[in-house]
Every structure is written in C-alpha cells, then in structure tokens.
Amino acid sequence: MTNKIIFYTIFLQTAQVSIKTFSIAFSENNTPKDMYDHHDAVVDYLIDTNPNPFESIPEFTIIKVASE
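Only a predicted model underlies this, so the values are computations on that prediction, with no experimental measurement involved.

A. A look at the sheet that holds strand β2 (residues 18–27). If you walk across this open sheet you meet the 3 strands as β2-β1-β3, and the pairing is antiparallel. Because the sheet does not close on itself, it has two edges, and the strands there are β2 and β3 (59–67). Pairwise comparison of adjacent strand axes, ignoring direction, gives a mean angle of 25° for this sheet. Bridge count between strand β1 (residues 3–13) and β2: 10 bridges; the pairing is antiparallel. Across the sheet, the residue bridging to I6 is I24, located in β2.

What counts and how
- Residues numbered from 1 in each chain as written.
- Predicted model: local features only at pLDDT ≥ 70, side-chain atom pairs only at ≥ 80, totals over all residues.
- Heavy atoms only, no water.
- Pairing = 2+ DSSP bridges.
- Helix = DSSP H or I, 4+ residues; strand = E, 2+ residues; numbered from the N terminus.
- Axes fitted to C-alpha atoms, helices over the stretch in contact; angles between N-to-C directions.

Structure representation (structure tokens):
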C-alpha cells in the first residue's frame, strides 16, 4: 500500500496575515475525496501542530491543493 502526498497552501486569517504551505501523507483508502474532506484534513493538521492546546485554530482559506 502506498501513501499519497497532498500539498496544501492556506491563507491564515490572524492578527498577522500569513500564507502557509505544508504536506500531508494519506493512505490510498484515506485520501480526501471532496472539498469538505480537504477542509477537515487541514483542520486536523492545524490542531495537531498547534503548540498551545488552549488556543483555537485560526480561520483559514485553502488557496491551493496539489498532489504528487
């Protein structure tokens, strides 16, 4: 079973506006299938990488989704 890597570029709407690019590896049967799945994947990524668990994740907009 191979992993599929998806690259995301998001626009973070915080006090300091920023753009962030990152990748997430998915198994073949766990790959996002629509825009809602991609949104959920980004939310999970932001929660997992947030250093302060008591701080909410910022509002964001997905700008680009690309795969290998």
